[in-house]
Structure formats: structure tokens, C-alpha cells
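Chains, contacts and geometry: an overview
One-letter residues, chain by chain:
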Amino acid sequence: MDEALFRALFYCMKNFFPIITIFCVAFIAFFPGLSGSFYYDDYRPLSALLTVHDFQSAALYITTEISGPLGRPLSMLSFLININDWPDNIEHFLLLNVFIHALNGMLVYLLAFKIINILNKSSNRNTSIYSAFIAIAWVLLPINISAVLIPIQRMTLLSAMFVLIAINLYLWSKKYEADTPKKALRIQFYAFVICGGLAIFSKENAILLPLFCLLLDKTIYSSKNNNYKYKHLLTLLYGSTISVIALFLIYTIISSGGDYGYREFSMLERFQSQLVILTEYLRLSFFPDLFAYNPFHDNAPIVHSIFASINWLVASVFIILLMLLGFALIHKKPIISFAILWFFTAHILESTIVGLELYFEHRNYLATLGILIACAHYINIQKKPKLKKLLCFTSVVYIALLFAVNIAITNTWGKPMQAATAWFHKQKGSLRASEHLAIMLLENNEIELADNVLKQQINNCPNCKSSQVQRLLTSCVLNDHSSLNPLLSSVLADDKSEFLPGSAASVLTQLHTIIKSNHCQLITVDQLIDVNNVFLDSKLTSGKLRLPFLFNLHNLYRDKQDLKNATEYLYEAFLIQQEFSLANLLIDNLIVLQQYEKIEHVQNSLCARSTYNPWLSTQYKTECTQIMEKVSIDDI
């Protein structure tokens, strides 16, 4: 009995020790960051947790998110686990993120184990060790920290989890393709349809899953004789995926005409900038820079001209040569080709021409995986014992360094004020970094410090009108007449520049509040109306970005007892977003103004809304009924 128990324990230690180690390393490394903060992208989707109180509202929360074209319902479902944690328990949000990241580390271990086995033609005692090193190094890469410690990036973590499960299933199916093809097909169905579907409904870039598997087929499995009976189905899947992605990118080009309309850069400028950013991703992935990893990269430089910077020339030559090398070595050095092309495959959507913001660290969450696997493989096959020992020792030291760096960085993330200050100084000119720090200081009633931060930000970014508006608020509260007048003149200046609204609308709302409460007498309501109109007239304030400024103008004109102008702005807001609460207020105004034609239009627009979402459809019907009851025939 004792011998059997010993054997069982030995088996468990041998097979589960690497996985347990990966989990422990992940939790120890990220534990200091659990007391972090919420950031700009967290507030809209997570604050809606307060509206969830029954099955109907929960279903609406899950199915009406606008972060992506499919709504990411699985990710939204996961946030319901934290329904009682918003906004006070950031630790509970992040703890689940760390758990998913640790689970992903385990899946990376399994994936690396399979790939190294394939490359070595057989399994050996060292395979588990090298696979564990790959997984631990990946878990500790500092560039992955933002994906774990920004609550909303659970979308990235969940999507990657299902992609990794799918790839592991696909590799498992390969051993059945020759002898039991139906079993292989069944496993591949689970991989691509079930796991792939779950991944896409977590975040849409999981559509790249078939391309990752195609890359494995063309590199790691390129020397295998493939007599798979259902190979044509895989070919169809790969071809369909490539076609869908290609058509989407072509549609993006045609529909935008090369100008996004809501960004500070054109499509060409974005593509040019990405060449520099990709080299920066590679550098920061493997050569840590303590304060470079943060949520605020909206100050990433835009490459306006290929002749403007030597950095662009060096970066573009490097990236192009690297891509060519990846394709050239597919047959000669498949593992090198795999490492290079895996990185670029992961960036096909988010780092090319799709009109997203320029720079986000979480886009590298899976991208670095191939490089780590290739490095471990070459250490494993090294024939010279002394060199192999040196490389192994260097790897252990490197992982220990990653662990120390990770602890230092997550410790900073876990101290929100310290982190906000450090990031503000690191990311000079970042509108979001300055806003984040200023808001924290204002919440602590440190108005003069907030004013100094905004003053520095304006010096770093003279054209950032949102920062100027923020400083209007602090200058007004501090009764700083000498600063306020030049600021107001600068904001109102018609310089024809295009600028993003940032948090200007919410700051102007606060400014209106303190003016009404007589805590600021240096700015008039009329001046506040002019400032709102400046942002409303900006080319980059389009679509739903106009809404908060329209609401501000409605409230300002209501304060002036000008119901007609107030209603006009509210009506424009309704044309952009047909919501019941908005329609309710609008109809109240229109009844007073006796504008019955507009009342009828609001009713018809509200009741004509259609959707395939059954819960949203139910809500639409309820809202329509309430509006119809509100405005009776007698009222009209």
C-alpha cells in the first residue's frame, strides 16, 4: 500500500508539478497588482452592472455590448460573476483575470509540450521541463501585464483561452488523422466550431484561430505525410477564413476611403505607424522597461510621412525582412518560420488597416508565443553539452529576471496613485494618462496638484483641448483668473484643427454644476455653451461622441429658460440614439412647445425599431407602449 501510494504521488508530481508551478508563479507575480484601478475602457461596460437586477436586465447586459460587432456576450456573461463588485472591489475583478491567465499558462504548457514532441520526433524527460519554462516565461512577460490587470481585458484573456484550447485539440486530432479520421474530424469540430465559436463570442479577433492551425500545418507538420480523409474540409476552412479576413480588410479600405473620420490619422498613416509599433512590441516583449507597460499609449507617434523619420525607415526594413525571412524558411527552418509568422498572424487584424487606436499592449498576448517555443526548441536540440548548459543557465536567469521585473511592475500597478504619477511622467503628452492622474487628485481634493498636472500636460500637448477644458475646471475652482482667460481663449480659438473630445464632455458637465452652485463665477453659461459647440464642431466628434455635448447644451439652454434651443439639441441626440429615457424627456419638451409633428416622429421612430435580440425586442415593445400611453390623442 505504501509503495502504491508512493508511486501515485510520484506520478502526480511528475505530471502535475509543472502545471502547479505555473499557477503558483502566476498568482505570486500578479498578486501585488490586485489592488489596482479601473481605467477608461472599464467604465462604460462595467458600470452597466448596476442596471442588472433580474433575468431580463441580465440578458440585456450580456447581449447589448457594443465593444465589437458580435457584442462579446461570453465575456459580458463572465462579468456577471462580479455583479456585486462594481465599483468598490477591484480585487475580485482582477483575481478572476489572474486565474484565467494562469489557466492560459497551463494551456501554453500543453501546446509547447506537443510542439516540442513533434519537433523531436518523440517525447523525452526534458520535454516537460522546457515546456514549463516556455509557459512560465510567457506568463511572466511584462507586455502581458495590461491584459491581466485591466479588468475589461478579460475579453482578451477569455478569447485566448478558447483559442489555446482549440489549438491543443487540433494538435491532438492530428494523431488520429491517418487511422481513425472520423475521430480526428470530431475533435476538430470541437476545436473549430465549439471552442472557436466561444472564442469569437469572447472577442472577435479569435477568427484568426484557423490561420494559427494552418501555420502549424505548413511549418511544424510540413514534413508529415498527410493522408487525412477529410483534408479538403480543412482546406475549405482555411480558404474561407482567409477570404473572410481579406474581404473584411478590402471592405474597410473601400468604406473608409482611406480616412476613418473619427481618428487623428488616416489609413496610410496608421499602416506606416504600425511598422514602428511592431518593432516596439518585439523590443518590449523580451527586453523589459519598467514603466513602459501601462494602459496609456494614446500618445503613440503617428508617422505622417515616410521621409520624416529615420526610425520609420529602420523599422520598416526590419519588419519587411523579418516577414520575408519567415516565408523563405518555411521548408528549411520551419520552427523559425513558425515563430516569425505566428507573431505577424496574431497582428493581421489589429495592427494593419482596421481603424483601431494605434497601440495596445494586449494585442501581443498570444503573439509572442511562437518565439518562446522556438528558443526552447533550439536549446533542447543543442548538441554541445557546455553550450547547452550555458543556454539553460541563461534561460533560468532570464526567467528569474522576468519574475523580479513582473513583481516590480505589478507592485506599481497595485498602487494606483503611484502608478498614475509614474505613467503621467513616462507617457508625456498622453491625454488619458493626464486625465487619469488629474481625476484621482481631484477625488482626493488635491486641486492645486491636479492643476499642476494639467498645466504640464498642456505644455506637453499644446493642441489637447480636452486637457485645456480640464484645467478650466481647476482654474475656476481655484479662482485663478490669470490662467483661466488665456485658457478660455485657446479653447474657443477657431484654429481649424481636428481634436478628439476625450473627457471634455463630462468635465464640462462638472463645470456647469459648480457654476450653478456658485463655486465658480469666472465662466458664464454662454461661454460654456460656446465651449461645448467647439467640440461639437470638431470633425472627430462624430456619431455617438456627439451625444454628451448635445446633452450638455440641452441642459445649458434649459438653465437659460430657452426651451426651444434646448429641445433642438435633444432632438438631434434622439436622432443619433433612440432611447426611451431620451424620448421621454424630449416628448415632455415637445408637448410644451406644441410641436406635434415631431412628437409623432419620435413615437414612430421609437416603435419602428427592430432587432433579432429577443430581450431587446421585448424592451422595445414595452418602451413603445409606455410612450404611446404617455401621449394620448387628447394631448395631440
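Above this text sits the structure in question.
**Considering the overall build of the protein chain**
Within the protein chain, the regular secondary structure consists of 28 helices and zero strands. The principal-axis extents of the C-alpha atoms in the protein chain amount to approximately 85 × 60 × 55 Å. In the protein chain, buried positions account for 52% of the 636 residues. Restricting to contacts in the protein chain with at least 6 residues of sequence separation, those with at least 24 account for 75%.

**A few points about the side chain of Asn380**
Tracing the sequence through the fold places Asn380 in helix H15 (residues 369–380). What makes Asn380 buried here is its relative accessible area of 9%. Asn380 has contacts with Ile116, Asn120, Asn126, Tyr130 and Lys388, leaving out every residue within four places of it along the chain.

**Examining helix H5 (residues 90–120)**
Between its terminal C-alpha atoms H5 stretches 45 Å, which fits the 45 Å expected from 31 residues at 1.5 Å a residue. Counting buried positions along H5 gives 22 out of 31 residues, so the element sits mostly inside the fold. Phi turns positive one or two residues past the end of H5, at Lys121, with a value near 70°.

**Let's talk about a nonpolar patch on the surface**
On the surface, a cluster of nonpolar side chains totalling about 680 Å² of accessible area is made up of Ile310, Leu313, Val314, Val317, Ile320, Leu321 and Leu324. Along the chain, Leu324 turns up in helix H13 (residues 310–328). When its relative accessible area of 54% is taken as the criterion, Leu324 is described as exposed.

**Comments concerning the state of the cysteines**
This model, assessed by the stated rule, comprises three disulfides. Put simply, Cys461 and Cys464 are joined by a disulfide, and their sulfur atoms are 1.9 Å apart. The S-S bond linking Cys461 to Cys464 shows a torsion near 70°; that makes this disulfide right-handed. A residue is classified by how much of its surface remains accessible, and Cys461, at 16% relative accessible area, is buried.

**As for the packing of aromatic side chains**
Counted according to the given criterion, the structure contains 25 aromatic pairs. Relative to Tyr190, the ring of Phe189 has its centre 6.2 Å away and its plane inclined at 65°; by these criteria the two rings are edge-to-face. Residue classification places Tyr190 among the partly exposed positions, given a relative accessible area of 40%. For the ring pair Tyr228 and Tyr230, a centre distance of 5.9 Å and an interplane angle of 75° mean the geometry is edge-to-face.

**Structural notes on unusual backbone geometry**
Cis rather than trans, the peptide bond between Trp86 and Pro87 has omega equal to 0°. Here Pro87 is to be found in the loop between helix H4 (73–79) and H5. Positive phi, close to 65°, is recorded for Asn445, a residue that is not glycine. Mapped onto the fold, Asn445 is located in the loop between helix H18 (431–443) and helix H19 (447–460). Judged by relative accessible area, Asn445 falls into the exposed class, the value being 60%.

**Observations regarding the pattern of salt bridges**
Using the criterion set out here, one finds 15 salt bridges in the structure. Measuring nitrogen to oxygen at the nearest pair gives 2.8 Å for the salt bridge that ties Arg609 to Glu623. With Arg609 in the loop between helix H27 (596–607) and helix H28 (614–630) and Glu623 in helix H28, this pair connects stretches of sequence that are 14 residues apart. Neither Arg609 nor Glu623 differs from the other in exposure class; each is buried. Look at the salt bridges and you will find they share partners, linking Lys174, Glu177 and Asp217 into a network.

**Describing the environment of Ala246**
Relative to the helices and strands, Ala246 is located in helix H11 (residues 231–256). Note on Ala246: relative accessible area 32%, which makes it partly exposed. When the C-alpha positions of Ala246 and Glu623 are compared, they lie 41 Å apart, and in sequence the two are 377 residues distant.

**Some details on the packing of helix H25 (residues 563–576) against H27**
Where H25 contacts H27, the two axes come as close as 11 Å, and the packing angle between them is 20°. Judged by the angle between their axes, H25 and H27 are roughly parallel. Judged by the twist between their axes, the crossing of H25 over H27 is left-handed. Between H25 and H27, the residues in contact are Glu568, Tyr571, Phe574 and Leu575 and Lys598, His601, Val602, Ser605 and Leu606, respectively.

**A closer look at the packing of helix H20 (residues 465–477) against helix H22 (residues 504–516)**
Two packed helices can be described by the angle between their axes and the distance between those axes. Running from amino to carboxyl end, H20 crosses H22 at an angle of 20°, the nearest separation of the two axes being 9 Å. Comparing the axis directions of H20 and H22 gives the class roughly parallel. Judged by the twist between their axes, the crossing of H20 over H22 is left-handed. Together, Ser466, Val469, Gln470, Leu472, Leu473, Cys476 and Val477 of H20 and Ala504, Val507, Leu508, Gln510, Leu511 and Ile514 of H22 make up the contact between the two elements. Of the residues contributing to the contact of H20 with H22, the split by class is ten nonpolar, three polar and no charged.

**Remarks on the environment of His101**
Here His101 lies in helix H5. Each C-alpha atom of the pair His101 and Val148 lies 6.9 Å from the other, and the pair is 47 residues apart in sequence. With sequence-adjacent residues up to four places away left out, His101 is seen in contact with Phe30, Trp138, Val139, Asn144, Val148 and Tyr365. At a separation of 3.0 Å, a polar atom in the side chain of His101 contacts the main-chain carbonyl oxygen of Val139.

**Focus on the environment of Phe574**
Mapped onto the secondary structure, Phe574 falls in helix H25. In this structure, the C-alpha to C-alpha distance between Phe574 and Leu586, residues twelve residues apart in sequence, is 8.1 Å. When near neighbours in sequence (up to four residues on either side) are disregarded, Phe574 contacts Glu579, Leu582, Ala583, Leu586, Val602, Ser605 and Leu606.

Reading guide: rules and limits
- All residue numbers refer to position in the chain's written sequence, counted from 1.
- Only residues with pLDDT of at least 70 are given local features in this predicted model, and only at 80 or more are side-chain atom pairs given and counted; all residues enter the totals for whole chains, interfaces and linings.
- Side-chain descriptors were evaluated using all non-hydrogen atoms of the structure, hydrogens and water having been removed beforehand.
- Helix and strand definitions here come from DSSP, where helices need a minimum of 4 consecutive H or I residues and strands a minimum of 2 consecutive E residues; each element is numbered from the N-terminal end.
- Residue exposure (1.4 Å probe, protein chains only): buried if accessible area is under 20% of the type maximum, exposed if over 50%, otherwise partly exposed.
- Any two residues whose heavy atoms approach within 4.5 Å are treated as being in contact.
- Expected helix span is taken as 1.5 Å per residue step, with the number of steps being one fewer than the number of residues.
- Each patch is assembled from residues with relative accessible area greater than 30% and no salt bridge, linking like charges that lie within 9 Å and nonpolar side chains (Val, Leu, Ile, Met, Phe, Trp, Tyr) that lie within 5 Å.
- Under the convention used here, a 1.4 Å probe and the Shrake-Rupley method define accessible areas, while residue burial counts only the protein chains that appear.
- Counted as salt bridges are all cases of a side-chain nitrogen of Lys or Arg within 4 Å of a carboxyl oxygen of Asp or Glu.
- The disulfide criterion used throughout: a pair of cysteine sulfur atoms within 2.5 Å.
- Working definition: rings of Phe, Tyr and Trp (its six-membered ring) pair if their centres are within 6.5 Å, and the pair is stacked with planes under 30 degrees apart, edge-to-face with planes over 60 apart, and tilted otherwise.
- To define axes, lines are fitted to C-alpha atoms, for helices over the stretch in contact only, and angles between the resulting N-to-C directions are given on a 0 to 180 degree scale.
- Should an angle fall under 35 degrees it is taken as roughly parallel, and over 145 as roughly antiparallel, whereas 65 to 115 is taken as roughly perpendicular and any remaining angle as oblique.
- Should the near helix be turned anticlockwise from the far one by less than a right angle, the crossing is termed left-handed; should it be turned clockwise, right-handed.
- Under this grouping Gly is polar, as are all residues other than the nonpolar Ala, Val, Leu, Ile, Met, Phe, Trp, Tyr, Cys and Pro and the charged Asp, Glu, Lys and Arg.
- Whenever two N or O atoms come within 3.5 Å, that pair is a polar contact, provided that in protein one can donate a hydrogen and the other can accept it, and provided that, for residues adjacent in sequence, both atoms are side-chain atoms.

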